[in-house]
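These are the residues of each chain, in order.
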Amino acid sequence: MEKATLRGAFSKKVLEEAKKDKDIIVVATDSRGSAQLGDFPKELPDQFVEMGIAEQNSVTVSAGMADVGKKVFVIGPASFYSMRSAEQVKVDAAYSHNPVMIIGISGGISYGALGATHHSLQDIALMRAIPYLDVYIPSDATQMKSLVDSQLADPKPSYVRVGRGGVPVIYPEGTKFERGKAVKHGDGSDIGIIACGQMVYRALEASKMLEEEGIHATVLDMFSIKPFDTQAVLDLAEKTGAILTVEEASIYGGLGGETAEVLAQNNPVPMKIMGIPDEDVPNGSDTEVLEYLGLGSKGICGQAKALIARKK
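Residues numbered from 1 in each chain as written. Predicted model: local features only at pLDDT ≥ 70, side-chain atom pairs only at ≥ 80, totals over all residues. Heavy atoms only, no water.

Draft legend 1. Representation of the nonpolar core. Residues Ile-194, Met-222, Ile-243 and Leu-263 are the most contacted members of the largest nonpolar core, which totals 40 residues. For this core, the leading source of residues is helix 9 (residues 230-240), giving 5 residues. Ala-28, Leu-37, Phe-73 and Tyr-171 belong to the second-largest nonpolar core, a separate cluster that totals 31 residues. (Core = buried A, V, L, I, M, F, W, Y, C linked by side-chain atoms within 4.5 Å. Buried < 20%, exposed > 50% of the residue type's maximum accessible area, 1.4 Å probe, protein only. Helix = DSSP H or I, 4+ residues; strand = E, 2+ residues; numbered from the N terminus.)

This is the structure in structure tokens:
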């Protein structure tokens with residue numbers, strides 16, 4: 001299966017659009033290499049701002065430019081934009097209704113060997129609690145490009161978290177996605193699996209393994225963390241009677257917590273939250289760490305079968 005990085009997909013798409021619209025601005029924090037911005041700074045120097053290692057200032061400056069009509073994308077490490085710049089994201093972007101799109105790269109455990117200082121495991125819980133801020137975790141390059149289109153068509157303060165490595169391209173080029181609407185894969189009634197980011201393709205692989213054992217799953221790609229597709233979750237719970245969530249984030253307050261909030265208040269069903277446990281994460285590549293934590297496709301498959309057993 002073809003693979004592509006989401007940061008590369010963003011850079012290619014934003015360069016293409018910025019050549020047509022001089023109001024599109026990209027702000028970086030000594031991250032043009034990590035962000036795979038490529039030729040953007042060279043080809044459009046008047047539409048590129050290098051802030052250096054100053055994530056807090058970069059959000060404030062971006063908010064100021066958005067306030068006077070610029071279409072601003074600020075890009076850099078998710079770990080720093082979600083924690084170090086939390087106050088600026090809350091006040092200068094969200095509270096002030098300045099439609100900056102913050103692209104947090106190398107989210108989750110993507111930085112691997114750099115360890116806990118560079119992991120962003122709390123960002124979903126933090127960002128979704130900020131009023132007026134949309135939160136997205138796209139699952140492939142096509143989805144990332146669609147989010148850029150959505151932002152340009154209807155600008156909103158938003159946080160987008162992407163990984164570092166290449167992931168399989170799930171959707172055909174040009175596929176459009178609606179904010180606040182999950183993407184459904186399959187129509188199984190035995191188990192519902194809800195995933196986001198790079199965990200989506202792992203969930204899809206797990207659903208194929210389950211199918212080989214005669215177990216039929218439905219997978220929801222919940223790329224839109226906020227706005228959240230509450231109805232899709234309720235429909236899935238009604239259909240399957242058991243919900244498994246999978247995310248590359250802390251088990252507290254993220255996709256699993258959000259799903260549990262919906263189910264607890266509407267239709268409690270057996271549920272399991274798969275994510276990063278509340279403990280030190282070992283250093284290593286994201287694949288190595290995810291496998292170690294049981295978050296690979298086989299681990300998801302095993303947890304799905306255990307959850308199904310709880311229905312009986």
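Draft legend 2. Inspection of the state of the cysteines at higher detail. Here the structure, examined in full by the defined rule, presents 0 disulfides. The thiol of Cys-196 is not disulfide-bonded; the next cysteine sulfur, from Cys-301, is found 20 Å away. A relative accessible area of 3% means that Cys-196 is categorised as buried. Cys-301 gets classed as buried once you look at its relative accessible area, which sits at 5%. (Disulfide = S-S within 2.5 Å.)

Draft legend 3. Highlighting helix 9. Among all positions of helix 9, only Ala-232, Val-233, Leu-234, Leu-236, Ala-237 and Thr-240 are buried. Contacts from the buried residues of helix 9 go to strand 10 (191-195), strand 11 (217-221), strand 13 (243-250) and helix 10 (255-266). Positioned one or two residues after helix 9, Gly-241 has a phi angle of 75°, which is positive. (Contact = heavy atoms within 4.5 Å.)

Draft legend 4. Looking closely at the environment of Ala-141. Within the secondary structure, Ala-141 is located in helix 7 (residues 141-153). Note: C-alpha distance between Ala-141 and Tyr-171 (30 residues apart in sequence) is 8.4 Å. Discounting chain neighbours no more than four positions away, the residues touching Ala-141 are Ala-4, Thr-5, Leu-6 and Ala-9.

Draft legend 5. Molecular detail of the packing of helix 1 (residues 6-18) against helix 7. Packing of helix 1 against helix 7 leaves a shortest axis separation of 8 Å and a crossing angle of 40°. Taken as a pair, helix 1 and helix 7 cross one another with a handedness that is right-handed. Contacts from Leu-6, Ala-9, Phe-10, Lys-13 and Glu-17 of helix 1 reach helix 7 at Ala-141, Met-144, Lys-145, Val-148, Asp-149 and Leu-152. When grouped by side-chain class, the residues that make up the contact of helix 1 with helix 7 number 7 nonpolar, no polar and 4 charged. (Axes fitted to C-alpha atoms, helices over the stretch in contact; angles between N-to-C directions. Left-handed = near helix turned anticlockwise from the far one by under 90°. Nonpolar A, V, L, I, M, F, W, Y, C, P; charged D, E, K, R; others polar.)

Draft legend 6. Spotlight on the pairing of strand 10. Counting buried positions along strand 10 gives 5 out of 5 residues, so the element sits mostly inside the fold. Residues Ile-191, Ile-193 and Ala-195 point to one face of strand 10 and Gly-192 and Ile-194 to the other, with burial holding for every one of them. The pairing of strand 10 with strand 11 spans 5 bridges and is parallel. For Ile-191, the partnering residue across the bridge sits in strand 11 and is Ala-217. Crossover connection from strand 10 via helix 8 (residues 199-212) to parallel strand 11: handedness right-handed. The pairing of strand 10 with strand 13 spans 4 bridges and is classified as parallel. (Pairing = 2+ DSSP bridges. Right-handed = clockwise from strand over helix to strand, strands pointing away.)

Draft legend 7. Highlighting the sheet that holds strand 4 (residues 71-77). One open sheet accounts for 7 strands, arranged 3-2-4-5-7-6-12; its pairing is mixed. The strands lining the two open edges of the sheet, one partner per strand, are strand 3 (48-50) and strand 12 (224-226). Averaged over all adjacent pairs, the angle separating strand axes in this sheet is 20°, with direction ignored. Examined bridge by bridge, strand 4 and strand 5 (residues 101-105) share 5 bridges and lie parallel to one another. Counted as the bridge partner of Pro-77 is Ile-105 from strand 5. Lying on the sheet, helix 1 is in contact with strand 2 (24-28), strand 4 and strand 5; it crosses strand 2 at an angle near 145°.

Draft legend 8. Representation of the sheet that holds strand 13 within the structure. Taken together, the 5 strands give an open sheet; going across it, the order is 9-11-10-13-14, and neighbouring strands pair in mixed fashion. The sheet is open, and its two edges are formed by strand 9 (183-185) and strand 14 (271-276), each paired on a single side. Ignoring strand direction, the axes of neighbouring strands in this sheet form an average angle of 20°. Running at roughly 155° to strand 10, helix 9 makes contact with strand 10, strand 11 and strand 13 of the sheet. Each of strand 10, strand 13 and strand 14 touches helix 10; the most contacted strand, strand 13, lies at about 145° to it.

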